[in-house]
Amino acid sequence: QLQLVESGGDLVQPGGSLRLSCTASGSSSSFSLYDMGWYRQAPGKQRQLVAWITSAVSTTYANSVKGRFTISRDNAKNTIYLQMNNLKPEDTAVYYCNAYRHLTSTTVLDYWGQGTQVTVSA
């Protein structure tokens, strides 16, 4: 089991920056084997993928955040980060961390954090 704890959410003005962190504990010795992602959910909307980083450190971004957000990982610290620059009001949401790993062709491990609130407002 992995436990994921997000931090770094805050109220920020449009154009500002934040860095979110997600730290894993529990079976963290296998942290490097997990693909990791950041999702967000705004009020009344479905949860959507923001950024993804694989165990091989390949990254994927939602079109809406490309060029503004950067996902990274530090396996020595069992932590992933989301650097968010040039924030916009539409980035306002609860941001969730996800850890995903295929054990076999039919068995996956899928863990979520509790979320951290990001509010972009003047």
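As the structure is a computational prediction, the values presented were derived from the model and not from experiment. Numbering of residues starts from 1 in each chain and follows the order in which that chain's sequence is written. Given that this is a predicted model, residues contribute local features only at a pLDDT of at least 70 and side-chain atom pairs are listed and counted only at 80 or more, while totals for whole chains, interfaces and linings are drawn from all residues. Side-chain measures here rest on the full set of heavy atoms in the structure, leaving out hydrogens and waters.

Peer 1: I'd like a description of the sheet that holds strand β3 (residues 18-26), backed by residues and values.
Peer 2: In this description, strands pair whenever DSSP reports at least two bridges between them. A run of H or I in DSSP counts as a helix once it spans at least four residues, and a run of E counts as a strand once it spans at least two, with each numbered from the N terminus. Ordered by their spatial adjacency, four strands build an open sheet running β1-β3-β8-β7, and the pairing between neighbours is antiparallel. Every other strand in the sheet has two partners, leaving β1 (2-7) and β7 (69-74) as the edge strands with one partner each. Here the strands of the sheet are splayed against their neighbours by 15° on average, with no regard to which way each runs. Pairing between β3 and strand β8 (residues 79-84): six bridges, direction antiparallel. Residue Leu20 lies in a different strand from β8, and its bridge partner there is Leu82. Angles shown run from 0 to 180 degrees and are taken between the N-to-C directions of axes, each axis being a line fitted to C-alpha atoms and, for helices, limited to the stretch in contact.

Peer 1: Explain the nonpolar core residue by residue, including any values.
Peer 2: Residues belong to a common nonpolar core when they are buried Ala, Val, Leu, Ile, Met, Phe, Trp, Tyr or Cys residues joined through side-chain atoms within 4.5 Å. Relative accessibility decides the category of a residue: with a 1.4 Å probe and only protein chains considered, values under 20% of the type maximum give buried, values over 50% give exposed, and everything between is partly exposed. Among the nonpolar cores identified, the biggest contains 31 residues, and Leu4, Met36, Trp38, Leu82, Met84 and Tyr95 are the most heavily contacted of them. Once residues lying within four places of it in the same chain are set aside, the contact partners of Leu4 are Cys22, Thr23, Ala24, Met36, Cys97, Asn98, Ala99, Tyr111, Trp112, Gly113 and Gln114. Here, two residues are considered to be in contact whenever any of their heavy atoms come within 4.5 Å of each other.

Peer 1: Residue-level account of the pattern of salt bridges, with values.
Peer 2: The working definition used for a salt bridge is a side-chain nitrogen of Lys or Arg within 4 Å of a carboxyl oxygen of Asp or Glu. Tallied over the full model, the rule gives two salt bridges. Among the salt bridges present, the one from Arg40 reaches Asp91, with a minimum N-O distance of 2.9 Å. Taken together, the positions of Arg40 in strand β4 (residues 35-41) and Asp91 in the loop between β8 and β9 (93-102) put the pair 51 residues apart, joining distant regions of the chain. Take Arg40 and Asp91: they sit in the same class, and that class is buried. When the shortest N-O distance is used, the salt bridge between Arg68 and Asp91 registers 2.8 Å. Of this pair, Arg68 sits in the loop between β6 (59-61) and β7 while Asp91 sits in the loop between β8 and β9, and the two are 23 residues apart along the sequence. Comparing Arg68 with Asp91, the two get one shared label, buried. Residues joined by salt bridges that share partners form a network here, namely Arg40, Arg68 and Asp91.

Peer 1: Can you break down the packing of aromatic side chains residue by residue, with the values?
Peer 2: How two aromatic rings sit relative to each other is given by the distance of their centres and the angle of their planes. Stacked, edge-to-face and tilted labels apply to pairs of Phe, Tyr and Trp rings (six-membered ring for Trp) whose centres lie within 6.5 Å, assigned for plane angles under 30 degrees, over 60, and everything in between, in that order. Inspection of the entire model under this criterion finds three aromatic pairs. Ring geometry for Tyr34 versus Tyr111: centroids 6.2 Å apart, planes at 50°, classification tilted. With a gap of 77 residues between them, Tyr34 in the loop between β3 and β4 and Tyr111 in strand β10 (residues 108-112) connect regions that are remote in the sequence. Here the two residues Tyr34 and Tyr111 agree in accessibility, since each one is buried.

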